[in-house]
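Each chain, letter by letter, is given below.
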Amino acid sequence: MRAAIFRAEVHEQLERIGQADIIVGIPSFNNARTIGHVVRAVQGGLAKYFPEHKAVIVNSDGGSSDGTMDVVHNSSIDDFSAILLHHRVSPISKIAFPYSGIPGKGSAFRTIFEIAGALDAKACAVVDSDLRSITPEWIELLVTPILKGGYDYVSPLYHRHKFDGTITNSIVYPLTRALYGRRVRQPIGGDFGFSGSLAQYYLTKDVWETDVARFGIDIWMTTTAIANGFKVTQSFLGAKIHDAKDPGADLSSMLYQVVSATFELMETYSEVWMPIRGTEPVPAFGFEYTVGLEHVNVNTARMLNTFREGLRNLGEIWLDILGAGDFGEVERLGALPDSEFHFPIGLWTQVVYDYALAFHKRKLPVEHLIKSMTPLYVGKTASFIIEAKDMAQTEADAEIEKLCLEFEKRKDYLVTNWK
Amino acid sequence: MEDFIDLILDPLQELFLKFKVFMPNLLAMLVILIIGILLAFIIKRTLVKFLAAINFDSWSDRMGFTKLMRKGDLWSKPTAILSTIIFWLLIIVTLMGGLNALQISAIDQLASQFFSYIPRLFSAAMILVVGYLLSGFISRAVLIAAANSGFHYAKLLAQAVHTLLIVLILAMIMEQLQIAPSIVLAAFSIIFGGIVIALAIAFGVGGIGAAKRIIERELVEDRPGKAPDDIEHI
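Residues numbered from 1 in each chain as written. Chains lettered and ligands numbered in written order. Predicted model: local features only at pLDDT ≥ 70, side-chain atom pairs only at ≥ 80, totals over all residues.

### A word on the overall build of chain B
Then comes step 1: Tallying secondary structure elements over chain B gives eight helices and zero strands in all.
Then comes step 2: Moving toward the C terminus, one meets the helices and strands of chain B in the order α-α-α-α-α-α-α-α.
Then comes step 3: Considering chain B as a whole, with its 234 residues, one finds that 10% of them fall into the buried category.
Then comes step 4: Sequence separation of at least 24 residues holds for 62% of the intrachain contacts in chain B that already meet a minimum separation of 6. (Helix = DSSP H or I, 4+ residues; strand = E, 2+ residues; numbered from the N terminus. Buried ≥ 20, exposed ≤ 12 C-beta atoms within 10 Å, placed from the backbone. Contact = placed C-beta atoms within 7 Å.)

Shown next, in the form of structure tokens:
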């Protein structure tokens, strides 16, 4: 495996620093607007909760043209007393540089792992550069379980609006949980803590020229940690609010990136997940509290229209993937009026498992296969929104739990047909 | 009388001499044919086993070749069809090689023409296979992208793209095989240009009402009062 090549000035900085206890990585690409707040929150967290540890903030940038790296260099907390810190704080080193390799979050993370190895770090954390709700406490919650609890991997727990994170709630969480038997609630959360040894383990995997380098790094990190028996935990971080999403971001491309990475990992770890039945909880740190969340606008009529157009145009592809029985059920849904539309969780579970099997059997080119799932996913999301419209957060969570149990119940179908 | 006998024997002698010269060539042809046919049989059997080992039939199913064969009323397995095609190609090559061994100038010319045509035949076959795969891939990509954006006529659009690509591929194949190249070029230009003009007229004149409805629907959807989706899917 080829190691990342650092620029000469990064080498110099690393040699000057020598060793570090904690590394906090911030991958970025044109995040000048928000990264300053993230850097200050990280600095505050390191100063407040780990004053006696040597820490380094690493900004691994994808070649931003808006001065992101300058913002990183210039951002610092001028008055530590504002965060109730009165003792002397040793300066926290900052390294900001453009990473090399395939453009993508995975390549940015790889460089952070390399730096963690070069500085012999004990604990690492990575946080997104577009976060608006990050506080110094996030760093404590992501790093302490590693340094003091003996854990190798910390996955985030957030409070999110009941309609947000639908790819996580309806596909990635139920599927990952049913496959690997661990209830990691936000497997693609984006903000993680991990031990130095796990960072080195990640580097032994030869995936840096694949799609993991571009996208799918979040699910890859979580799954690799679980499937290889590393000690996994979760930390409650509060609300996750980040910069306004890219309006041009295409839903089917997002779905393709996340789901293809999840299915690809199923191929890698088939020997691990096949014998597993049932699930066990993953311990959680942090003080859970309720937060006020912004209202989310949804247009279910438009979503249902997308589902019906999908049924009309992609019917042949769906029939080939789902088989006549499940496709007949999907066809029946297409005839329902909006007010009565309900996508049964059993049918949705079958759809996800059938797509995983079609991916395994290479029934279609991967991108076509997963993108053809978009109208089905949109239909399922619309159904959830209609049902959960008047539900409290806890009731909506209970619905997701029911879906997860359905995935567990039907796992035999997946295992039997996988071979 | 002697003259008369010579008159009869000379042509026979000449015929015998010609036959004596021709005999080794005939034997050579027979040997080439026998060895060639035997080799063709062996290669066919080996190919069938090899294709079965690499699951050629299921690959063919996935790529849509089986479906295409069924449309053309071919009901054998793709493995059997491909190996039969290769077998008959080898038989034809053997036959041409055998005839060439006879060293008859007319046949020599025919054989050399045949062998010089083989590269064209091969590249035409390649264009057909790659073109068919590519047209299927592109039209499916169009279908999925259009359906995902909620376009009502996604299937029609994908079918139109597929047909246009097939027309283009057929024209390329005919051009490659040198089958009436000038007619093919003219026909292709007329058909392709005709389709484009027909579409322009259909959308420009016949589709005024439809275009109006589509624009009105888009405007209704973009109206400020109509709330956009704020869902974060990830």
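### Here's the deal with the packing of helix 6 (residues 166–180) of chain A against helix 10 (residues 251–268) of chain A
Residue and element names in this part refer to chain A.
Then comes step 1: Contact geometry of helix 6 with helix 10 gives a least axis separation of 11 Å together with a crossing angle of 5°. Of the possible angle classes, the one that applies to helix 6 and helix 10 is roughly parallel. Judged by residue contacts, Ile 167, Ile 171, Val 172, Leu 175 and Leu 179 of helix 6 engage Met 254, Leu 255, Val 258, Val 259, Thr 262 and Met 266 from helix 10.
Then comes step 2: A breakdown of the residues in the contact of helix 6 with helix 10 according to their chemical character gives ten nonpolar, one polar and no charged. (Axes fitted to C-alpha atoms, helices over the stretch in contact; angles between N-to-C directions. Parallel < 35°, antiparallel > 145°, perpendicular 65-115°, else oblique. Nonpolar A, V, L, I, M, F, W, Y, C, P; charged D, E, K, R; others polar.)

### Some details on unusual backbone geometry
Then comes step 1: The backbone of Asp120(A) shows a phi angle near 55°, a positive value even though the residue is not glycine.
Then comes step 2: Judged by C-beta crowding, with 12 C-beta atoms within 10 Å, Asp120(A) ranks as exposed.
Then comes step 3: At Gln103(B), a position not held by glycine, the phi torsion is positive, near 55°.
Then comes step 4: Position of Gln103(B) relative to the elements: it lies in the loop between helix 4 (78–101) and helix 5 (105–148).
Then comes step 5: Its 14 C-beta neighbours within 10 Å are what place Gln103(B) among the partly exposed residues.

### Side note on the nonpolar core
Residues and elements named next belong to chain A.
Then comes step 1: Core analysis: the biggest nonpolar cluster contains 126 residues, and Ile 23, Val 24, Ile 112, Cys 124 and Val 127 have the highest contact counts within it.
Then comes step 2: Considering each element in turn, this core owes the most residues, eleven residues, to helix 12 (residues 300–334).
Then comes step 3: Three or more residues apiece are contributed to this core by two domains, here domain 1 (8–285) and domain 2 (300–418).
Then comes step 4: Leave out the neighbours within four places in its chain, and Cys 124 touches Ile 23, Gly 25, Ile 112, Ala 116, Phe 194, Gly 196 and Ala 199. (Core = buried A, V, L, I, M, F, W, Y, C linked by C-beta atoms within 7 Å. Domains from an automatic or database assignment.)

### Comments concerning the packing of helix 4 (residues 105–118) of chain A against helix 7 (residues 196–204) of chain A
Residues and elements named next belong to chain A.
Then comes step 1: Orientation of helix 4 relative to helix 7, taken along the N-to-C sense of each, is 125°, at an axis distance of 9 Å. When the axis of helix 4 is compared with that of helix 7, the two are oblique. The two elements helix 4 and helix 7 meet at a crossing, and its hand is left-handed. Note on element contacts: helix 7 touches helix 4 through Gly 196, Ala 199, Gln 200, Tyr 202 and Leu 203, opposite Phe 113, Glu 114, Ala 116 and Gly 117.
Then comes step 2: Residues belonging to the contact of helix 4 with helix 7 are distributed by class as follows: five nonpolar, three polar and one charged. (Left-handed = near helix turned anticlockwise from the far one by under 90°.)

### Comments concerning the environment of Ile370(A)
Then comes step 1: As for its position among the elements, Ile370(A) is in helix 14 (residues 366–371).
Then comes step 2: Once you skip the residues sitting within four places of it in the chain, Ile370(A) turns out to touch Leu255(A), Tyr256(A), Val259(A) and Ser260(A).

### Some details on the pairing of strand 2 (residues 55–61) of chain A
All names here are of chain A.
Then comes step 1: The buried count for strand 2 comes to seven of seven residues, which makes it a mostly enclosed element.
Then comes step 2: Residues Ala 55, Ile 57, Asn 59 and Asp 61 of strand 2 are buried on one face, and the alternating residues Val 56, Val 58 and Ser 60, pointing to the opposite face, are buried as well.
Then comes step 3: In the sheet, strand 1 (residues 22–28) pairs with strand 2 via seven bridges, with the strands oriented parallel. When the sheet's bridge partners are listed, Ser 28 is paired in strand 2 with Asp 61.
Then comes step 4: Following the backbone out of strand 1, through helix 2 (residues 32–49) and into the adjacent parallel strand 2, one traces a crossover that is right-handed. (Pairing = 2+ DSSP bridges. Right-handed = clockwise from strand over helix to strand, strands pointing away.)

### Re the environment of Thr416(A)
All names here are of chain A.
Then comes step 1: For Thr 416, the position within the fold is in helix 17 (residues 411–418).
Then comes step 2: Note on Thr 416: 8 C-beta atoms within 10 Å, which makes it exposed.
Then comes step 3: Through-space distance from the C-alpha of Thr 416 to that of Met 274 is 9.3 Å; in sequence the pair is 142 residues apart.

### Considering the sheet that holds strand 1 of chain A
Residues and elements named next belong to chain A.
Then comes step 1: Strands sit in the order 3-2-1-4-7-5-8-10 across an open sheet of eight strands; the sheet is mixed. Edge positions in the sheet fall to strand 3 (93–98) and strand 10 (284–285), since each has one partner strand and no second.
Then comes step 2: Helix 5 (residues 136–147) rests against strand 1, strand 4 (123–126), strand 5 (153–159), strand 7 (192–195), strand 8 (232–239) and strand 10 of the sheet, and its axis sits at about 25° to strand 7.

### What about the domain arrangement of chain A?
All names here are of chain A.
Then comes step 1: Domain boundaries in chain A define domain 1 (8–285) and domain 2 (300–418).
Then comes step 2: Computed over C-alpha atoms, the centres of domain 1 and domain 2 are 30 Å apart.
Then comes step 3: With 25 residues of domain 1 at the interface, the matching set in domain 2 holds 28 residues.
Then comes step 4: Broken down by secondary-structure element, the contributors of at least two residues to the side of domain 1 that touches domain 2 are helix 6 and helix 10.
Then comes step 5: A per-class count over the side of domain 1 that touches domain 2 returns 13 nonpolar, eight polar and four charged.

### Details of the interface of chain B and chain A
Then comes step 1: Counting residues at the interface gives 21 residues for chain B and 30 residues for chain A.
Then comes step 2: Secondary structure elements with two or more residues in the side of chain B that touches chain A: helix 5 and helix 6 (154–176) of chain B.

### Regarding helix 1 (residues 8–17) of chain A
Then comes step 1: By the criterion of burial, helix 1 of chain A is predominantly exposed, with just one of the ten residues buried.
Then comes step 2: Downstream of helix 1 of chain A by one or two residues, Gly18(A) has phi in the positive range, about 80°.

### With respect to the pairing of strand 4 of chain A
Residue and element names in this part refer to chain A.
Then comes step 1: On strand 4, burial covers both faces: Ala 123 and Ala 125 on one face and Cys 124 and Val 126 on the other are all buried.
Then comes step 2: With four bridges connecting them, strand 1 and strand 4 associate as parallel partners. Within the sheet, the bridge partner assigned to Val 24 lies in strand 4 and is Ala 125.
Then comes step 3: In this structure, strand 4 lies alongside strand 7, joined through four bridges in antiparallel fashion. When the sheet's bridge partners are listed, Cys 124 is paired in strand 7 with Phe 194.

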